[in-house]
Amino acid sequence: MKPAKVLKISDVLVKSQLRSARSGRFSASFLNRPAAVVLVDAIAFGVSAVIVSRLVAFFPSIPGFSLATIARETLIFLPALLPPMIFVASLLFELNVSSKFAASDTLNWLPVSQSEYVTASALSICFIYSILPALAFGVTLPIAGSQGLLPVWVLAALLSIVALFTGALLVEILRATLNRVSTSAMGRARRGALFVRLAISITVIVTFQFFFNPLALLGLLTLFSREAAASFLVPFLWPSSVVREALDGQALWLIAFAGLSVGFAGFMTWAAVRVRSRFWSPSPVSVTVSHGEYTPSSGALQGFGFSAVESALIRKDLKGLTRRREMVPFLAIPFVMTAAFLLPQFTGVGGPRGPSSGAAGFPLLLVGGIFALIFSSVSIGQEGKAIANIYTLPVTPRQYLRAKAALALTFALAATAVMVVVTSVFLGLGEREILSALLLAPAVAVEETFIGLGFASRFPDFSERPRPRFVKPVGMLVAFPTGVAIMLASISPVIISLVAGSIAVDIGSIYTILMAAALIFSVAVSLLAYRWARGGIANLLRELGV
Amino acid sequence: MASGPSSAEANALEATSLAKSFGTTRAVDRLTFTLRRGEILGLLGPNGSGKSTTMKMILGILKPDSGSAKVYGRDVLTDPIGVKEVSGYVPETPQLYEFLSGVEYLDFVGDMYGMGPAAKKERISQFLKALELDGHENDMISGYSQGMKQKVTITAALMNKPRLLVVDEGLNGLDPRSAKIVKDLLRELAREGVAILFSTHILEIAEAICDRVLIMQRGNLLAEGTPAELRRRAGMPGSTLEDVFLKMTGTEDLKEVVEALTR
């Protein structure tokens, strides 16, 4: 492996990520250079450090807060935090390269070894998402500094970078594994094989999310061992163990865990190279989706009030969901989020184990809404270059909006229904909260669908290389906090009720008023978002971006 | 005595002072021309001369900065859907939904034009056979060759029996047999009254099938007429359209370029 070549490939991968959604006239812009990432990181680090250093001054005056405990826990937690964060970010933005481009990737025919490519790709992932550690380092620096733990902070930061790289290698392993799953349906596969491929892909993602989530693993192990020493068996927690031993002054254990951490990073590199060598298949896709004679499409959807054009658009997108590898991560989102929310409840990490009060389960009510937001945000950009068809065919903006909204809503409402049942039955919501959830959760799904479509129409990213993103980063950066803030406002009665219940305050008298206000708010937001999305789509379809 | 159609009725397409800029680049500069029913009009010009931009403006895919285009009396600015309903477009590069099979894609296109099941089936079967795609119609398009994708694109453009067909480098990637089939098909369609706007870099093809040609350069109309008229105007009787084209676009002296490339 030649380090210079690795760095060059990594540089190219970073540049292609930065420039993929921008037009040629910006090619000389500073924003297109990797140095821009460094600058953004430096700003994020500086701003977060300044804000937290101001907050730190107030901590001692708050009863019940021990800054020493917070410093200890954040430093230990820091290296364990980054792999799951990288995993979730990669799920949305890294694992969606289409098989067409994976097969024709230039690196497939250049003299680049698998180990060089894997290392370079992992480095580029670390670099692209370096804002995550920059923020984490900025937050923890003042806390550690206030307790005289700067040397431990430096150690934790170094180990976090090792953990970040290990997390990126995990993404590489998952990428190659998913490639293997999708190539299993190549050749003369039948339609059923495509569904099997989809199911396996989602299962692989959820399984990876579970088995490589340090908190989940630790929780699972402590279920059996009931001892904190179980962390010894979770490699992703070894960097955190180094920090813990440094804080406890256990030099021998520190060296042992440090050696194990570096060794684990080495093992992951080896494993990622092996998996890619074994599973990467740059062969073209050839799938037969039917063996029968052509039967014109049925008008079943027209029975639900859709026109022939809308029905055809819905059927087309539905087929894309089940057949396109790049769409799999989006379908996996509800499963991953549910697992992420439920695992701490059942494994006891981060709180009491087992079914608890409804307060712990309320985040699940957000799953349908978040799914609707993400799913609809990417629903226009996912057309890719084939969006040109929509411009050449007689499709009106209204038809396009109705088709996109119908599919997103169908999936979001299904996810919402499952989440309401899971939350109500397994996590013990009260009768009042269940009723609220039944009313508010679908309303949230509707409003988030139209908010997502508004952003999708205004910030679509039709580029397909190097990795399709479907929505421009600035769009997603604004859409997500906006959508979540509106979502939280919409379900505020449930939150207020749960908080009031936890501090034994009865809000029975105003609860109905809160519910009515929340529903009116949600309907108003939905109507406004619908109009915003309709305007965005009309504007988008006016002229094809060149 | 029955009189012939007026010029407005006879014209399938009327482009008036069409202009379009991208940033500081003037892609098309006040272009005016007409295309009659049953006529094949060749749009020729070097790379970047504005041919594709012109075609996209005519179909409502790009919005002109100024000027107008009418297709069978329908203004593309005020009635883009109406224009698309009577037009078919073969783009330079096939842009297909690659996760659909060939037949599923054509079925999708048929639905977009509001075609009934029987009409779709008849049209799809007819073209799959004619363009020799049968046997691959149920494969996902992602596995098709460039030529097969082009055949699907051509079929899609003809699904709704368009009255105006716009073909941008439509023979790209086709094997000689398929290219001959498409050329014959275009001539037949023209005989049936379909107006065809056809751009190509292969001037032999333009000479063979076009009734009239427009030569564009840097967004401007350089010359217009039948191949014979252009030869006469260039003072090159007996020469090929390629020679006339190279002379008119000022690129006839290629010797230096070739020498530089082989140095």
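I will try to describe carefully the structure that is included in this document. Here the structure is a predicted model, which means the values were calculated and not measured. The residue numbers shown here count from 1 along each chain, following its written sequence. To label them, take the chains in the order written and letter them from A, then take the ligands in the order written and number them from 1. Totals for whole chains, interfaces and linings use every residue, but because this is a predicted model, local features are given only for residues with pLDDT of at least 70 and side-chain atom pairs only at 80 or more, for both listing and counting. Excluded from the side-chain calculations are hydrogens and water; all other atoms, namely the structure's heavy atoms, are used.

1. Examining the interface of chain B and chain A
Heads up, the condition is: It only takes one pair of heavy atoms within 4.5 Å for two residues to be counted as in contact. Defined in terms of a 1.4 Å probe, buried area is the accessible area two parts forfeit on being brought together, summed over both. Any carboxyl oxygen of Asp or Glu within 4 Å of a side-chain nitrogen of Lys or Arg constitutes a salt bridge here. Each polar contact in these results corresponds to two N or O atoms within 3.5 Å; when the atoms are within protein, one needs to be able to donate a hydrogen and the other to accept it, and residues that are neighboring in sequence are counted only if both atoms are side-chain atoms. Here a strand is any run of E in DSSP of at least two residues, a helix any run of H or I of at least four, and the numbering for each starts at the N terminus.
Taken together, the contact between chain B and chain A spans 35 residues of the former and 41 residues of the latter. Summed over both sides, the interface of chain B with chain A buries roughly 3,500 Å², with 62% coming from carbon and sulfur. Of all residues in chain B, Tyr97(B), Phe99(B) and Met112(B) give up the largest surface area on contact with chain A, accounting jointly for 20% of the area buried on that side. The tally of links from chain B across to chain A stands at 4 salt bridges. A salt bridge links Arg323(A) to Glu104(B); the nearest nitrogen and oxygen atoms lie 2.6 Å apart. In this assembly, chain B and chain A are joined by 11 residue pairs in polar contact (both at pLDDT 80 or more). Among the elements of the structure, β1 (11-22), α3 (80-85), α4 (102-112) and α5 (117-130) of chain B are those that each provide at least two residues to the side of chain B that touches chain A. Among the elements that take part in the side of chain B that touches chain A, α4(B) stands out by supplying 8 residues, more than any other.

2. Focus on the pattern of salt bridges
This is how it is decided: Type-normalised accessible area, obtained with a 1.4 Å probe on protein chains alone, sets the label of each residue: buried when under 20%, exposed when over 50%, and partly exposed for intermediate values.
Under the definition given, this model contains 27 salt bridges over all chains. In this structure, Asp111(B) and Lys120(B) form a salt bridge, with 2.7 Å as the shortest nitrogen-oxygen distance. The two residues Asp111(B) and Lys120(B) agree in class, both being buried. A salt bridge links Glu188(B) to Arg191(B), with the shortest nitrogen-to-oxygen separation between them at 3.3 Å. A residue pair is termed a helical-turn pair when its members lie 3 or 4 positions apart in one helix, as Glu188(B) and Arg191(B) do in helix α7 (residues 176-191) at 3 residues. Here Glu188(B) falls in the partly exposed class, since its relative accessible area comes to 36%. When salt bridges with common partners are traced through the structure, they connect Arg315(A), Asp107(B), Asp111(B) and Lys120(B) into a single cluster.

3. Looking at the nonpolar core
To be explicit about the condition: Throughout, nonpolar core names a set of buried Ala, Val, Leu, Ile, Met, Phe, Trp, Tyr and Cys residues whose side chains join them through atoms within 4.5 Å.
Counting 180 residues, the largest nonpolar core has Leu313(A), Tyr400(A), Phe33(B), Ile58(B), Tyr105(B) and Leu197(B) as the members making the most contacts within it. Counting residues per element, this core draws most heavily on helix α7 (residues 150-183) of chain A, at 15 residues. Here Phe33(B) is in contact with Leu13(B), Glu14(B), Ala15(B), Leu41(B), Thr54(B), Ile58(B), Leu197(B) and Leu214(B), once residues within four sequence places are set aside. Residues Leu131(B), Val167(B), Ile209(B) and Ala223(B) belong to the second largest nonpolar core, which totals 35 residues.

4. Re the sheet that holds strand β7 (residues 164-168) of chain B
By definition, the strands of a sheet pair up through backbone hydrogen bonds, in either a parallel or an antiparallel sense. Residues and elements named next belong to chain B. Just so we agree on the cut-off: In short, DSSP must find at least two bridges between two strands for them to pair. Where helices are involved, their axes are fitted lines through C-alpha atoms of the stretch in contact, as for all axes, and angles between N-to-C directions lie from 0 to 180°.
Pairing within the open sheet is mixed, and its 6 strands lie in the order β6-β7-β8-β3-β9-β10. Edge positions in the sheet fall to β6 (87-90) and β10 (220-225), since each has one partner strand and no second. Going from strand to strand, the sheet's axes swing by 15° on average, the running direction of each strand aside. Pairing analysis gives 5 bridges linking β7 to strand β8 (residues 195-199), with the strands arranged parallel. Across the sheet, Val167 pairs through a bridge with Phe198, a residue of β8. This element, α7, spans β3 (40-44), β7 and β8 of the sheet and lies at about 150° to β8. Each of β9 (212-217) and β10 is contacted by helix α9 (residues 227-234), which is oriented at about 110° to β10, the strand it contacts most.

5. Some points on helix α19 (residues 473-490) of chain A
Keep this limit in mind: In this analysis, the expected span of each helix is defined as 1.5 Å times one less than the number of residues it contains.
Taking 1.5 Å as the rise per residue, α19(A) with 18 residues should run 26 Å; its terminal C-alpha atoms sit 26 Å apart, in good agreement. Where α19(A) is concerned, the buried positions are Gly475(A), Met476(A), Ala479(A), Gly483(A), Ile486(A), Met487(A) and Ser490(A).

6. Focus on the packing of aromatic side chains
Selection criterion: The rule is short: rings of Phe, Tyr and Trp, with Trp giving its six-membered ring, pair when the centres are within 6.5 Å, and they are stacked under 30 degrees, edge-to-face over 60, tilted in between. Comment: the charge-over-ring label is applied if NZ (Lys) or CZ (Arg) is within 6 Å of the ring centre and within 35 degrees of the ring normal.
Under the criterion given, the structure shown has 17 aromatic pairs over all chains. Ring geometry for Phe45(A) versus Trp153(A): centroids 6.5 Å apart, planes at 45°, classification tilted. Taken as a pair, Phe45(A) in helix α2 (residues 34-56) and Trp153(A) in helix α7 lie far apart in primary sequence, 108 residues in all. The class of Phe45(A) is partly exposed, set by a relative accessible area of 27%. What makes Trp153(A) buried here is its relative accessible area of 12%. Their ring planes at 35° and their centres at 6.5 Å tell us that Tyr105(B) and Phe108(B) sit as a pair that is tilted. Here the residue Tyr105(B) and the residue Phe108(B) both occupy positions in helix α4, the gap between them amounting to 3 residues, near one helical turn. On the basis of relative accessibility, which here comes to 4%, the residue Tyr105(B) falls in the buried class. Joined through ring pairs, the aromatic side chains of Phe236(A), Trp238(A), Phe264(A), Phe267(A) and Trp270(A) make up one cluster. Across from the ring centre of Tyr72(B), 4.0 Å away, lies the NZ or CZ of Arg163(B), which sits over that ring.

7. Quick look at the side chain of Ser199(B)
All names here are of chain B. With respect to the helices and strands, the residue Ser199 is situated in strand β8. Overall, Ser199 belongs to the buried group, its relative accessible area being 0%. Only 2.8 Å separates the side chain of Ser199 from the side chain of Asp168, close enough to count as a polar contact. Beyond its immediate stretch of four places on either side in the chain, Ser199 contacts Leu43, Lys51, Met55, Val167, Asp168, Glu169 and Gly170.

8. Brief notes about the pairing of β8(B)
In the case of a regular strand, side chains alternate between the two sheet surfaces. Residues and elements named next belong to chain B. Note the cut-off: Whether a crossover is right-handed comes down to one check: with the strands pointing away from the viewer, does the path from the first strand over the helix to the second run clockwise; if it does, it is right-handed.
Here β8 lies mainly inside the structure; 5 of its 5 residues are buried. Going residue by residue along β8, you find Ala195, Leu197 and Ser199 tucked away on one face and Ile196 and Phe198 tucked away on the opposite face as well. Pairing between β3 and β8: 4 bridges, direction parallel. If you follow Leu43 over to β8, its bridge partner there is Ser199. The handedness of the β7 to β8 crossover, carried by α7, is right-handed.

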